[in-house]
Amino acid sequence: MAKVTVRYWAAAKAAAGVAEEPYEAATLAEALDAVRERHPGELTRVLQRCSFLIDGDPAGQRPHETVRLAEGGTVEVLPPFAGG
């Protein structure tokens, strides 16, 4: 398990009620499962529309179970937004 920081932007930040928080997870899928467990409700719905950056690189369409997280890394949660 890697210790990572999950950062929320725009609607994800509003739904989570925080800008960022720490998690322990080996993959993006595990991190998102932990996020959903901690924040059931609106954030779970927002995550369905989000893109994710892992240490600055897009996760793209890869299955989240295959996206490995590095110790001290960052997961950016990016909902769609106007002009983006």
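Residues numbered from 1 in each chain as written. Predicted model: local features only at pLDDT ≥ 70, side-chain atom pairs only at ≥ 80, totals over all residues. Heavy atoms only, no water.

### What about the nonpolar core?
Among the nonpolar cores identified, the biggest contains 23 residues, and Tyr8, Leu28, Leu43, Phe52, Val75 and Val77 are the most heavily contacted of them. For this core, the elements supplying multiple residues, two or more each, are strand S1 (2–8), helix H1 (11–16), strand S2 (20–25), helix H2 (28–38), helix H3 (42–47), strand S3 (51–54) and strand S5 (74–78). Filtering out sequence-adjacent residues up to four positions away, Tyr8 remains in contact with Lys13, Ala16, Val18, Ala19, Glu20, Glu21, Tyr23, Val35, His39, Leu43 and Val77. (Core = buried A, V, L, I, M, F, W, Y, C linked by side-chain atoms within 4.5 Å. Buried < 20%, exposed > 50% of the residue type's maximum accessible area, 1.4 Å probe, protein only. Helix = DSSP H or I, 4+ residues; strand = E, 2+ residues; numbered from the N terminus. Contact = heavy atoms within 4.5 Å.)

### Topic: the sheet that holds strand S4 (residues 57–58)
In space, the five strands of this open sheet follow the order S2-S1-S5-S3-S4, with mixed pairing throughout. Strands with a single pairing partner mark the edges of an open sheet, and in this sheet they are S2 and S4. Taken together, the two bridges between S3 and S4 define a ladder with antiparallel strand orientation. Across the sheet, residue Leu53 finds its bridge partner in S4, namely Pro58. Against the sheet, H2 makes contact with S1, S2, S3 and S5, and its axis sits at roughly 125° relative to S2, the strand it touches most. (Pairing = 2+ DSSP bridges. Axes fitted to C-alpha atoms, helices over the stretch in contact; angles between N-to-C directions.)

### Details of the pairing of S2
In S2, alternate side chains face the same way, and those of Glu21, Tyr23 and Ala25 are buried while those of Glu20, Pro22 and Glu24 on the opposite face are not. Note that S1 and S2 share six bridges and pair antiparallel. Bridge pairing in S2 links Val6 to Glu21.

### Topic: the side chain of Glu76
Residue placement: Glu76 occurs in strand S5. Within the local environment of Glu76, its side chain forms a polar contact with the side chain of Arg7, the two groups lying 3.2 Å apart. Once residues lying within four places of it in the same chain are set aside, the contact partners of Glu76 are Arg7, Trp9, Ser51, Phe52 and Leu53. (Polar contact = N/O pair within 3.5 Å; in protein donor to acceptor, adjacent residues only side chain to side chain.)

### With respect to the pattern of salt bridges
Under the defined criterion, the tally for this structure stands at five salt bridges. Notably, a salt bridge pairs Glu76 with Arg7, separated by 3.2 Å at the nearest N-O pair. Residue Glu76 is found in strand S5, and its partner Arg7 is found in strand S1; the two are separated by 69 residues along the sequence. One salt-bridge network, in which partners are shared between bridges, spans Arg7, Glu20 and Glu76. (Salt bridge = Lys/Arg side-chain N within 4 Å of Asp/Glu carboxyl O.)

### Some details on the pairing of S5
Counting buried positions along S5 yields four of five residues, so the element is predominantly enclosed. In this structure, S3 lies alongside S5, joined through four bridges in antiparallel fashion. From the neighbouring strand, Ile54 faces S5, where its bridge partner is Val75.

### As for H2
All buried positions along H2 are accounted for by Leu28, Ala29, Ala31, Leu32 and Val35. Summarising the axial view, the buried residues of H2 lie within an arc of 160°, below the 170-degree limit, and thus occupy one face. Elements in contact with the buried residues of H2: S1, S2, H3, S3 and S5. (Arc of directions from axis to C-beta.)

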